[in-house]
Amino acid sequence: MKEKLLLWLKGQQQTLDQIIYEAAFEYYQKNSVKANFDFELSICQEESFDLIKGKDLCYDRLNTPFTYSLWYHARRVNTFLSFFADALLNTAESRIEIFDLGAGTGAIQWAVGLIISGMKAIGMSTPKITVINIDTSPFMLLYGEKYLWRHFVEYYPFCKEPNMITKYSVVSWNNPENLTLTNPWIASSYLFDMSDNKEEIAKGFDELVSTFKPINLLLITSNQDKKVAFLKELKQKLNNEGYLTQGIYTQNHNLLFQGQLLKVSKLRQELAKKHGGKGMSNSATWDDMSFIGLALTKQQMMLSLQTGIKLFTVTERDRTKIKLSVDQLKASKPTGKPTVILGPAGCGKSVVLTERIKNIVENHDYNPHLKILVTTFNKDLVRYLGDWLEQILDANKCKREFGKDFYGRPQQYSYFRFSNSDKYNIYVLHFDVLPTKIGSVMAKDLKFKTYKGEIEQFHLDKLKEIADDLLTESKLNKKDFESVCDPNFLFDEYHRIVYGLQCSTYKKYKVIERVGRGNPKLRTNSAKRKFVWDTLILYVKFLKANNLDSFTLRRYRFLQKLNNPKVAFAKFDYILVDELQDCTIADYEIFYKLVKDSNNIVLAGDLAQSIRLGTTSRVPRADDEMMKRFDRILLEGSYRLPFRISECVKGLSERINSKRFKVGNNESGNVINPFKGAPPGARPLIIYGENWTETIQKLKEVIMAYKLYGFKSVSVFERDDILHSKLILNGISATYETILKAKGLEKQCVIWSTRVPVDTEKEIDEFVYTILTRTSAVLIIVLSSNIHPSYIDILKTFDRARLIYWDSSSKSKFLELCEVDN
Ligand SMILES: Nc1ncnc2c1ncn2[C@@H]1O[C@H](COP(=O)(O)OP(=O)(O)OP(=O)(O)O)[C@@H](O)[C@H]1O
């Protein structure tokens, strides 16, 4: 029978060539009209050589599957035929579910479809087969389904349902229809080829094998020394677990199909003539010289599983479904010691904090006397933390109540009250409302100013006015003092040094070490320092005289009250703070005064996202007397950022760290590293348009194409209202964002517009880094012609192999800005 089947299969060579050609031709006709088609094609062609060079191919461009199918698809089908012919002829099962991990354009599905068509043709009965294609690239899966497979079943109609059921899933498969898995086989095609995280993927693969207990396993990898060595390690492990090696398939193995794909090669040559592209004119062949395959088998009890399959760890937004990692779990256990949890953007600090609260509450068995404060510096994050707590706390044992403003409108902050409790047990409050909500410090608002921006501007204008007047009066040399008259500098100096380091007297201020403040430098005891102090004193006097305050002044009054032994406060049993990078030493002092036992303070954050305090931010250190006993926990890897984006922005995160050392703050931030099991996702996209029409047109195309990654709306950073409204006018769902509002939160598609400079001079790196690390799926960077020089410096830190230029003008502009030869 095998001979007969092989003979039938051999006869299909030309038909398969024809199908790949037809699918590609249809794709070409539909897509070659696109403005960036030529550029895309040539880059995809160039990038496909990365595979040969042993580098990672990212599979995240529109045309990647098209060029891939014209070279690799046929080879892969050829590779898989021998294995599946052996396996299908030897099985007596009536149903088989094949999981193809790293399915790409679906070569396994083709091989299996061809074999069962052949078995049918020679009169054999065939099992009913379900193929579940799982891949990290939605582009590859889409091309496999909508082009290749659609044409394939026209020629091999036996492969339609019910004989063969095909499914496609990006990254993981949840078994949405509760399919009963009776006889799963698992194939992993080139899954362990990713250079950086193959160990982690192998770990996940091992878990899959023990969960699904597949009878047949097929592992395929590129035939390169390191990858073969890795495969051998894996083989050893699986052998130890009882899997027997059935066969090793290499290029020497007798491949069924030989020679050239004539139709496909002809198309390649036509494409080369019309569009160019390195190597495009080369003929495609059926030989596969570059793989090694390993088939394993284990006879075992069949299972009836209804579970799903997870290829990578995907960002999970539903708090109840998050399975914490071992490190996260460890960090979430209350230790009876003050704790600092540090880690890069998206490593799960907020997840850990909420889990720790749950543990505390459960350890105290929802005791109605328990009093916990959860606070952070961003209103929306306060809401988010409250939502997460609501999801994981026992709804039968506590209820949430939202705070209300003066007019009774619900606010983002909330409280949890346990059953049988006559007071709030958990306070989830924005830091800026602490003085008023728990310190009874009256807010002296600027009644005539409504918006936060307006209020801030009022303070800046006042500082400028006071500094200028003082300079004129004191007859100092204007030029020498210009830098210290900058109202932004004065505003920050007041918050970060005078309040932050609690310099209540000039005696202290004149000599204090202003760690991390950079320029302008103020020598101790200098005339400049005295000038700054006098200005700030006049400013505070002005506010007091006019019955006004600022958020810093309110905090200061709160701390004064806490320091006053005559004022009694009902203290908290536990205090947990998210985004510690926004805490000054004075803020830490507030926490110390508010907690009954300083062992019960937990702080979490990331100094690299320090957009308020910049390089002055610091975590409690061993040399701070009151903070000596802090346990430090470091979490690693970002669950939020797709692998490729982490790789791209790593240089920027390293630069932020080294900058801190340069200004004398030796407390380093956390360099971002992709979480090893994170899905690759798409690389950041670079777009440039000569004018608005061109920019919006390109953005529309990109958004349409990359929606495959699952986002519905885009988030426009930073303060670019024109871009935001133009997108809305063009029917694109978009939100207008500022990083002060969005820090600590995440968005599915971030657009960073480089058109508007951020309104801070010093923390640009931290600002932009925080913007770039908000995305959980897609990042689009829109270049502009008059881009701020600091933004150019940031673009220069990007790993260029980890960028997608949308078209040639976007590429030229990027390289021109970064002064790199095109
Ligand atoms: N173990 C996990 N499994 C799956 N998803 C996770 C896991 N841990 C965290 N996440 C997800 O990763 C994202 C980032 O988590 P979180 O907001 O806690 O990170 P963070 O360190 O606080 O980020 P930032 O520094 O930006 O504030 C969230 O969507 C969260 O649900």
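Definitions and cut-offs
Per-chain numbering applies: the sequence of each chain, read as written, is numbered from 1 onward. Reporting in this predicted model follows two pLDDT cut-offs: at least 70 for local features of residues, and 80 or more for side-chain atom pairs to be given and counted; totals over whole chains, interfaces and linings ignore these cut-offs and use all residues. Strands pair, by our definition, only if DSSP identifies at least two bridges between them. The secondary structure listing takes helices from DSSP runs of H or I that are at least 4 residues long and strands from runs of E that are at least 2 residues long, numbered from the N terminus. Marked domain ranges trace back to an automatic or database domain assignment. By definition here, a helix of n residues has an expected span of 1.5 Å times n minus one. The burial label depends on the number of other C-beta atoms within 10 Å of a residue's C-beta. Counts of 20 or more mean buried, 12 or fewer mean exposed, and intermediate counts mean partly exposed, with C-beta atoms placed from the backbone. Along the arc lie the directions from the helix axis toward the C-beta atoms. UniProt positions are given in the numbering used here, feature names are shortened, and annotations may be inferred rather than shown by experiment. Residue pairs qualify as contacts under a 7 Å threshold applied to their C-beta atoms, which are placed from the backbone. For each residue, a C-beta atom is placed from the backbone, and the residue counts as near a molecule or strand when that atom lies within 6 Å of it. Residues are grouped as follows: Ala, Val, Leu, Ile, Met, Phe, Trp, Tyr, Cys and Pro are nonpolar; Asp, Glu, Lys and Arg are charged; all remaining types, including Gly, are polar. Clockwise travel from the first strand over the helix to the second, with the strands pointing away from the viewer, marks a crossover as right-handed. In this analysis an axis means a line fitted to C-alpha atoms, helices contributing only their contacting stretch, and an angle means the value between N-to-C directions, from 0 to 180 degrees. Each nonpolar core comprises buried Ala, Val, Leu, Ile, Met, Phe, Trp, Tyr and Cys residues, the members being joined through C-beta atoms within 7 Å. For every residue, the predictor states its confidence as a pLDDT score lying anywhere from 0 to 100.

I'd like to hear about the sheet that holds strand β23 (residues 804–805), residue by residue, with values.
On the basis of which strands lie adjacent, the open sheet formed by six strands has the order β20-β19-β21-β22-β18-β23 and parallel pairing. The sheet is open, and its two borders are formed by β20 (734–736) and β23, each paired with just one other strand. Bridge analysis of strand β19 (residues 714–717) against β20 gives three bridges, and the strand direction is parallel. By the bridge assignment, V716 is partnered in β20 with Y736.

Any details on the domain arrangement of the chain? Residues and values, ideally.
Entries for the chain in the domain assignment read domain 1 (2–310), domain 2 (319–443 + 554–640), domain 3 (452–548) and domain 4 (657–665 + 669–817). If you average the C-alpha positions of domain 1 and of domain 3, the two centres end up 66 Å apart.

Before we move on, can you summarise helix α18 (residues 527–545) with the specific residues and values?
Taking 1.5 Å per residue as the helical rise, α18 with its 19 residues ought to reach 27 Å, and the 27 Å between its terminal C-alpha atoms agrees with that figure. Turning to α18, its buried residues number three or more, namely R529, F531, V532, T535, L536 and Y539. Taken down its axis, α18 places every buried residue within 165° of arc, on the same side. More than 90 degrees from the buried face of α18, the exposed residues found are K541, K544 and A545. Phi turns positive, to about 55°, at N547, one or two residues after α18.

Tell me what's going on with the UniProt feature "binding site: ATP" (unreviewed entry) in the chain, and back it up with residues and numbers.
Per the UniProt record, "binding site: ATP" (unreviewed entry) is found at G343, P344, A345, G346, C347, G348, K349 and S350. Looking at where P344 falls in the secondary structure, it is placed in the loop between β10 (339–342) and α11 (349–363). Dropping the residues within four chain positions of it, P344 is found in contact with D606, A608, S638, S653, N670, V671, I672 and N673. In this fold, A345 is placed in the loop between β10 and α11. When residues no more than four places from it in sequence are discounted, the contact partners of A345 are D606, Q609, S638, R640, L641, I672 and T773.

Hey, could you go over the pairing of strand β22 (residues 775–783) for me, with residue numbers and the actual values?
Most of β22 sits out of view: nine of its nine residues are buried. Judged from the six bridges that link them, strand β21 (residues 747–753) and β22 form a sheet pairing that is parallel. When the sheet's bridge partners are listed, W752 is paired in β22 with I781.

Summarise the site of the ligand; cite the residues concerned and give the values.
The local shell around the ligand holds 23 residues, among which G348, K349, S350, V351 and Y639 are the closest. In terms of residue count, the dominant contributor to the shell around the ligand is α11 (three residues). Classifying every residue of the shell around the ligand gives six nonpolar, 10 polar and seven charged.

Kindly report on unusual backbone geometry, identifying the contributing residues and their values.
Cis geometry is found at the peptide bond from E161 to P162, where omega equals 5°. Tracing the backbone through its elements, the reader meets P162 in the loop between α6 (138–155) and β3 (164–170). Although it is not a glycine, Y366 adopts a positive phi angle of roughly 50°. Positive phi is not limited to glycine here, since E579 has a value of about 65°.

Describe the environment of L5, with residues and values.
Structurally, L5 is set in helix α1 (residues 2–10). Between the C-alpha atoms of L5 and I115, which are 110 residues apart in sequence, the distance is 7.8 Å. Setting aside its immediate chain neighbours within four residues, L5 contacts A85, L89, G118, M119 and I122.

Give me the lowdown on the pairing of strand β2 (residues 128–135), citing residues and values where you can.
Regular strands place side chains that alternate from one sheet face to the opposite one. Of all eight residues making up β2, six are buried, and the element is well covered by its neighbours. Crossover handedness for the path strand β1 (residues 95–101) to helix α5 (residues 107–121) to β2: right-handed. By the bridge criterion, seven bridges tie β2 to β3 in an arrangement that is parallel. Bridging across to β3, I134 finds its partner in S169.

Describe helix α2 (residues 13–31), listing the residues and the values that go with them.
Here α2 is 19 residues long and its end C-alpha atoms lie 27 Å apart, about the 27 Å a rise of 1.5 Å per residue gives. Three or more residues of α2 are buried, namely L16, D17, I19, I20, Y21, A23, A24, Y27 and Y28. Where α2 is buried, its residues meet α4 (64–90), α6 and α9 (262–275).

Lay out the sheet that holds strand β14 (residues 426–430) in plain terms, naming residues and giving numbers.
Spatial ordering of the open sheet is given by β12-β13-β14-β11-β15-β16-β10-β17, a layout of eight strands whose pairing is mixed. Of all strands in the sheet, those with a lone pairing partner are β12 (398–404) and β17 (631–634), marking the two edges. On average, adjacent strands in this sheet sit at an angle of 15° to one another, irrespective of strand direction. This element, α11, spans β10, β11 (372–376), β15 (574–577) and β16 (601–605) of the sheet and lies at about 160° to β16.

Give me the nonpolar core: which residues, what numbers.
Formed by 136 residues in total, the largest nonpolar core has its most connected members in I20, F84, A111 and I687. Considering each element in turn, this core owes the most residues, 11 residues, to α4. Formed by 79 residues, the second largest nonpolar core is a distinct cluster that contains Y574, V577, C583 and F643.

Go over the confidence of the model for the chain, please, and point to the residues and values.
Mean pLDDT over the chain stands at 86; residues scoring 70 or higher make up 90%. Per-element averaging of pLDDT across the chain places strand β9 (residues 309–310) at the bottom with 69 and strand β18 (residues 685–688) at the top with 98.

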